[in-house]
Amino acid sequence: MKKIAVLISGQGSNLQAIIEACQTGFIPGKVVTVISNKIDSFGLERAKSAGIPSQVFLRQDFSSNLAMDKAIGDYLDALNIDLILLAGYMKILTKPFTQRFAGKILNIHPSLLPKYPGLHTYQRALENGESEHGTTVHFVNEELDGGAIVLQAKVPIFPGDTVEEIELRTREQEYNIYPLVIKWFIEERLKLENGIAYLDASPLPISGYAAE
Ligand code: GAR
């Protein structure tokens, strides 16, 4: 069984969707550890309820971001992790970490990348008068929200929508597309080579599978 690690900072609702997809067998893998950089992440409770060990790494306990990421990396290597998932992990990973695990880290980001990397994506889309928004699953490289895109899901923005409504609509899509991409990776259908994502040995287009 392939081993999955999930990195979180907050609510962990994506973590929950991933745990459930493993439990039902939709993802033929196992979440063997949950890592948080916040002691009070609700996701840690979710891990506990599912019987999954968790580990907290606090920045204040390390002399630098590099030292913290080295410790996380050593912990992951000791567990022989096959796939690292960022699920609302709100700390930028250092280049040595992303290079150490190149092709083995996926992230979900609440925008149609390359639009709106970074924070407050819903608010920015609303303020810019966008008529659609969405979410993206992508491989992680050293650029913030910059690695090869695997899959996107679009949602409409209706006149009069609030940030909360757009977020709710987008999150519903996240719980579908992230487990699907994870399934592809665990089944060895999805790979990253020279910065390009391949599904079933065919290169994915720049906006991921959904664009075609
Ligand atoms: C998710 O919506 C995810 O897309 C976003 O944080 C949320 C975490 O929610 N990630 C980012 O903004 C990363 N740049 P969750 O803790 O309930 O899964």
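Values in this document were obtained by computation on a predicted structure and should not be read as measured data. (Residues numbered from 1 in each chain as written. Predicted model: local features only at pLDDT ≥ 70, side-chain atom pairs only at ≥ 80, totals over all residues. Heavy atoms only, no water.)

S.K.: How do you make sense of the packing of helix α1 (residues 13-23) against helix α6 (residues 163-186) when you look at a structure like this?
M.R.: Two quantities define a packed helix pair, namely the angle between the helix axes and the distance between the axes. Between α1 and α6, the least distance of the axes is 9 Å, while the angle of their chain directions is 45°. Classified by the angle between their axes, α1 and α6 sit oblique to one another. Along this stretch, α1 crosses α6, giving a crossing that reads as right-handed. Mapping the contact onto sequence places Ser-13, Asn-14, Ala-17, Ile-18 and Ala-21 in α1 and Arg-171, Glu-174, Tyr-175, Tyr-178, Pro-179 and Ile-182 in α6. Residue classes in the contact of α1 with α6 are distributed as 7 nonpolar, 2 polar and 2 charged. (Axes fitted to C-alpha atoms, helices over the stretch in contact; angles between N-to-C directions. Helix = DSSP H or I, 4+ residues; strand = E, 2+ residues; numbered from the N terminus. Parallel < 35°, antiparallel > 145°, perpendicular 65-115°, else oblique. Left-handed = near helix turned anticlockwise from the far one by under 90°. Contact = heavy atoms within 4.5 Å. Nonpolar A, V, L, I, M, F, W, Y, C, P; charged D, E, K, R; others polar.)

S.K.: How should I be thinking about α1 in this particular structure?
M.R.: Since the α-helix advances by 3.6 residues per turn, residues separated by three or four positions end up pointing in the same direction. Within α1, 8 of the 11 residues are buried, which leaves it mostly tucked inside the rest of the structure. By the burial criterion, the buried members of α1 are Ser-13, Asn-14, Leu-15, Ala-17, Ile-18, Ile-19, Ala-21 and Cys-22. The inward-facing, buried residues of α1 abut β1 (2-8), β2 (29-36), α2 (42-49), β4 (83-86), β5 (105-109) and α6. Gly-25 lies just past α1 and shows a positive phi near 90°. (Buried < 20%, exposed > 50% of the residue type's maximum accessible area, 1.4 Å probe, protein only.)

S.K.: Please clarify how the layout of surface pockets should be interpreted in this entry.
M.R.: Regions of empty space are outlined by a rolling probe, equal in size to a water molecule, passed over the atoms. Space inside the largest pocket adds up to approximately 840 Å³. As for the largest pocket, its lining consists of 38 residues, of which Gly-88, Tyr-89, Met-90, His-109 and Pro-110 are closest to the centre. Listing elements by their share of the lining of the largest pocket, those giving two or more residues are α1, β5, α5 (121-127) and α6. Among the elements that line the lining of the largest pocket, the one with the most residues is α6, at 4 residues. Taken together, 15 residues form the lining of the second largest pocket, with Gly-147, Ala-148, Ile-149, Ile-206 and Ser-207 sitting closest to its centre. Within the lining of the second largest pocket, the residues separate by chemical class into 9 nonpolar, 5 polar and 1 charged. (1 Å grid on protein atoms, 1.4 Å probe; cavity = no way out; pocket = protein on both sides within 12 Å on 5 of 7 lines; lining within 4 Å. Points joined across faces, edges and corners; volume = space filled by probe spheres on them.)

S.K.: Just to check I follow, could you spell out the sheet that holds strand β8 (residues 190-193) for this structure?
M.R.: Within the open sheet, the 3 strands sit side by side as β8-β9-β10. Their pairing is antiparallel. The sheet is open, and its two borders are formed by β8 and β10 (202-203), each paired with just one other strand. The sheet contact formed by β8 and strand β9 (residues 196-199) spans 4 bridges and is antiparallel. Residue pairing for β9: Glu-193 is matched across the bridge by Ile-196. (Pairing = 2+ DSSP bridges.)

S.K.: For this particular structure, what's the right way to read the sheet that holds β1?
M.R.: Within a beta sheet, neighbouring strands are joined by backbone hydrogen bonds and run either parallel or antiparallel to one another. Strand order in the open sheet formed by 7 strands is β3-β2-β1-β4-β5-β6-β7, and the pairing between neighbours is mixed. Looking at strand neighbours, the two that pair on one side only are β3 (54-56) and β7 (149-156), the edges of this open sheet. In this sheet, neighbouring strand axes are inclined to one another by 20° on average, regardless of whether the strands run parallel or antiparallel. As paired elements, β5 and strand β6 (residues 132-139) share 4 bridges and run antiparallel to each other. Residue pairing in the sheet places His-109 in a bridge with Thr-136 of β6. Helix α3 (residues 65-78) rests against β1, β2, β3 and β4 of the sheet, and its axis sits at about 155° to β2.

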